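If you want the building blocks of each chain, they are given just below.
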Amino acid sequence: MSLQEKAREKVARMLRFNAAEAPAGGSTQWKLLVLDEQSRDAICPLYSVGGLRKQGVTLHLMLSGAREAIPDVPAIYLCRPSDENIERVAEDCAKSLYTKMHLNFSTRLLRPTMESLARRCLESNSVGAIHTLYDAYLDFVALEPQLFTLNQKETFYGYNSSAGGDAAIEAMMRRTAESLFTVFATLGQVPVIRAPMGGPAQMVAQLLHEALAAHLRGTGGGGGGAGSLFAESGLESYARPLVVIYDRSVDIATPLVHAATYQGIVADVTSYRLNRCACVGTDGRQRTYDLDVEADAFWRQQKGESFPDAIDASGRVLSDVQAREAVLRR
């Protein structure tokens, strides 16, 4: 069960305008991709620019940036249904930037938010610009087949800071639960939830439980019928995943002291983010490298090894390459 592959399949389906199967004959319609920052980070470990181009994406743009009208190409949007993003989408409709807009929201689009978007489009007489609208449930970053991050900044500080009020803390916990829901919606499996009593862990666990229960009852507002996201597994499955939610304060030292592994050293001494590291070479030029466990066999095998062992393995691989090169040159 690869979460990364499931997320990649979900993005591929979105780029097919949410068609279940690829078009006959392998023909691909060209399109634009419009993203907010969170959705851009979610797609980055899944598809390279070349991979998006193979899916027919000619251009990917930021929702928050200035964009020119391109009326002859359909635009696929992927963003959170925040008030700011809804306002930008409504502005794009009013300006007729694109002939057809296919909206995909990374978390569940609540009815009041949908009504707000509809009202804005009615006011500008631009309802026809929106061709389709879907809940994509993709508010996380799948870094590896078994590793993901919610990509949320300063949540630990926000919960423990005296400056934040109860409303801000509740909104933060609700955002975390919404993002976790999208993880299990992508997997298509209903988890067993465990969390210690008291504190943010219990709050997130309770909110996640409520979101799952509402969807299974058919009252979650996600469309497609009761429990449609989990139709393949559901509660009767014997292979339900276990999600254990802990507060970061249970083990505060781990983020501050990395183990001396290859991956830990790379994260500490380079600019390492979203499976990419940037470092400055001896010539003073900065270079960027993709470190993908699926595409890079050496990284997959050595990232968890101690740094000296990884260096030794690198030397052996280099010797093998040089030996093969010598054979070819004979």
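Look up a bit, the structure's there.
Keep in mind that what you see is a predicted model, and the values were worked out from it rather than measured.

### Brief notes about the overall build of the protein
Move 1: Looking only at helices and strands, one finds 11 helices and 12 strands in the protein.
Move 2: Taking the principal axes of the C-alpha coordinates as reference, the protein spans close to 70 × 55 × 45 Å.
Move 3: Buried positions account for 40% of the 330 residues belonging to the protein.
Move 4: Of the contacts formed within the protein by residues at least 6 apart in sequence, a portion of 73% connects residues at least 24 apart.
Move 5: Approximately 18,700 Å² of the protein is accessible, and the part contributed by carbon and sulfur atoms is 53%.
Move 6: Taking the 35 positively charged and 38 negatively charged side chains of the protein as two groups, their mean positions are separated by 4 Å.

### Focus on the sheet that holds strand E11 (residues 276-280)
Strand-to-strand pairing in sheets goes through backbone hydrogen bonds, with the strands running parallel or antiparallel.
Move 1: Taken in spatial order, the three strands line up as E10-E11-E12 in an open sheet, and their pairing is antiparallel. Each having just a single partner strand, strand E10 (271-273) and strand E12 (286-290) make up the two edges of the open sheet. The mean inter-strand angle of the sheet, taken between neighbouring strand axes irrespective of direction, is 15 degrees.
Move 2: Bridge count for E10 against E11 is three bridges, and the pairing is antiparallel. When the bridges of E11 are listed, arginine 273 appears paired with arginine 276.

### A closer look at a nonpolar patch on the surface
Move 1: A cluster of nonpolar side chains, contributed by Phe156, Ile252, Leu256 and Val257, occupies part of the molecular surface with about 410 Å² of accessible area.
Move 2: Note that valine 257 resides in the loop between strand E9 (242-244) and helix H9 (262-269).

### As for the state of the cysteines
Move 1: Summed over all chains, the structure comprises zero disulfides.
Move 2: Of the cysteine sulfurs around cysteine 79, a residue in no disulfide, the closest is that of cysteine 93, at 11 Å.
Move 3: In this model cysteine 279 remains outside any disulfide bridge; the closest cysteine sulfur is found in cysteine 277, 5.2 Å from its own.
Move 4: Using a relative accessible area of 29% as the deciding quantity, one classes cysteine 279 as partly exposed.

Cut-offs applied
- Counting of residues starts from 1 at the beginning of each chain's written sequence and follows it residue by residue.
- Local features are withheld for residues below a pLDDT of 70 in this predicted model, meaning they are given only at 70 or higher, and side-chain atom pairs are given and counted only at 80 or more; totals for whole chains, interfaces and linings count all residues.
- The side-chain values count all of the structure's non-hydrogen atoms but skip hydrogen atoms and water molecules.
- Numbered from the N terminus, helices here are DSSP runs of H or I no shorter than four residues, and strands are runs of E no shorter than two.
- Exposure classes here rest on a 1.4 Å probe applied to the protein chains alone. A residue is buried below 20% of its type maximum, exposed above 50%, and partly exposed in between.
- Residue contacts follow a heavy-atom distance rule, with two residues in contact if any of their heavy atoms lie within 4.5 Å.
- Exposure was quantified through the Shrake-Rupley algorithm and a 1.4 Å probe, taking into account, for residues, occlusion by the shown protein chains and nothing else.
- Two residue types count as positive, namely Lys and Arg, and two as negative, namely Asp and Glu; His and chain ends fall outside the count.
- To locate a charge, take atom NZ for lysine, CZ for arginine, CG for aspartate or CD for glutamate.
- One requirement defines pairing of two strands: DSSP has to find at least two bridges between them.
- Working convention: axes come from line fits to C-alpha atoms, limited for helices to the stretch in contact. Angles between N-to-C directions cover 0 to 180 degrees.
- Candidate patch residues must exceed 30% relative accessible area and have no salt bridge, after which like charges are joined if within 9 Å and Val, Leu, Ile, Met, Phe, Trp or Tyr side chains if within 5 Å.
- Whenever Lys or Arg places a side-chain nitrogen within 4 Å of a carboxyl oxygen from Asp or Glu, that contact is recorded as a salt bridge.
- By definition, disulfides here are pairs of cysteine sulfur atoms that lie within 2.5 Å.

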